[in-house]
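Examination of the molecular architecture
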Amino acid sequence: MILEKGEKVHIITRRSFDGEARRHFVGTVMSDVQQNLLRIEGYTFIFNANTNQYDRRTGVRTRIFSLVDGRHIVNVLPAGLDIERVHYAKTETGHLAVTDGRGFVLEVN
């Protein structure tokens, strides 16, 4: 199995055109993969061009993602990561990264 129930993931959805919103999703896999589909519960992050950062949408969401959709880049996150603490920040080198503020850092640009 590629991903299993309980694993945490960060998913980047590639844009189809320039004006389309930049969307990321961070969450926990809620069921085993079925027919290349994942059911994930977590948070949506949308890029805000005015502040030049990703803003987390309020409320937990449940989304279905296809593993065969070429628009999705899926990163597996550490098992002990607290999804509630995940946010975006600049690294010391100025790159954008996903972090929990407790040592986990995943550069995304």
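Below, the structure is looked at part by part. Every chain's residues receive numbers from 1 upward, in the order its sequence appears when written. Local features in this predicted model are restricted to residues of pLDDT 70 or higher, and side-chain atom pairs are both shown and tallied only at a pLDDT of 80 or more, whereas totals for entire chains, interfaces and linings draw on every residue. Only hydrogens and water are set aside when side-chain values are computed; all heavy atoms of the structure are taken into account.

1. Considerations on the side chain of threonine 44
- Along the chain, threonine 44 falls in strand E3 (residues 37-48).
- A 1.4 Å probe rolled over the protein chains alone gives each residue an accessible area, and that area as a share of the maximum for its type sets the label: buried under 20%, exposed over 50%, partly exposed in between. Judged by its relative accessible area of 5%, threonine 44 falls in the buried class. Going along the chain from the N terminus, every DSSP run of H or I of four or more residues is numbered as a helix, and every run of E of two or more is numbered as a strand.

2. Considerations on the environment of leucine 37
- For leucine 37, the location among the structural elements is in strand E3.
- When its relative accessible area of 37% is taken as the criterion, leucine 37 is described as partly exposed.
- Considered as a pair, leucine 37 and phenylalanine 65 are 28 residues apart in the sequence and their alpha carbons are 5.7 Å apart.
- Residue contacts are counted whenever heavy atoms from the two residues lie within 4.5 Å of one another. Excluding residues within four positions of it along the chain, leucine 37 makes contact with Asp32, Ile64, Phe65 and Ser66.

3. Let's talk about the nonpolar core
- Remark: nonpolar core denotes a set of buried residues (Ala, Val, Leu, Ile, Met, Phe, Trp, Tyr, Cys) joined through side-chain atoms within 4.5 Å. In this structure, Val26, Phe45, Tyr54, Leu81, Val86 and Tyr88 are the most contacted members of the largest nonpolar core, which totals 13 residues.
- Elements supplying a minimum of two residues to this core: E3 and strand E8 (96-99).
- Per-element tally for this core: the top contributor is E3, with 3 residues.
- In contact with phenylalanine 45, other than residues within four places in its own chain, are Arg22, Arg23, His24, Val26, Tyr54, Asp55, Arg56, Val86, His87 and Tyr88.
- One finds Val9, Phe25, Val29 and Leu38 within the second-largest nonpolar core, a separate group that totals 9 residues.

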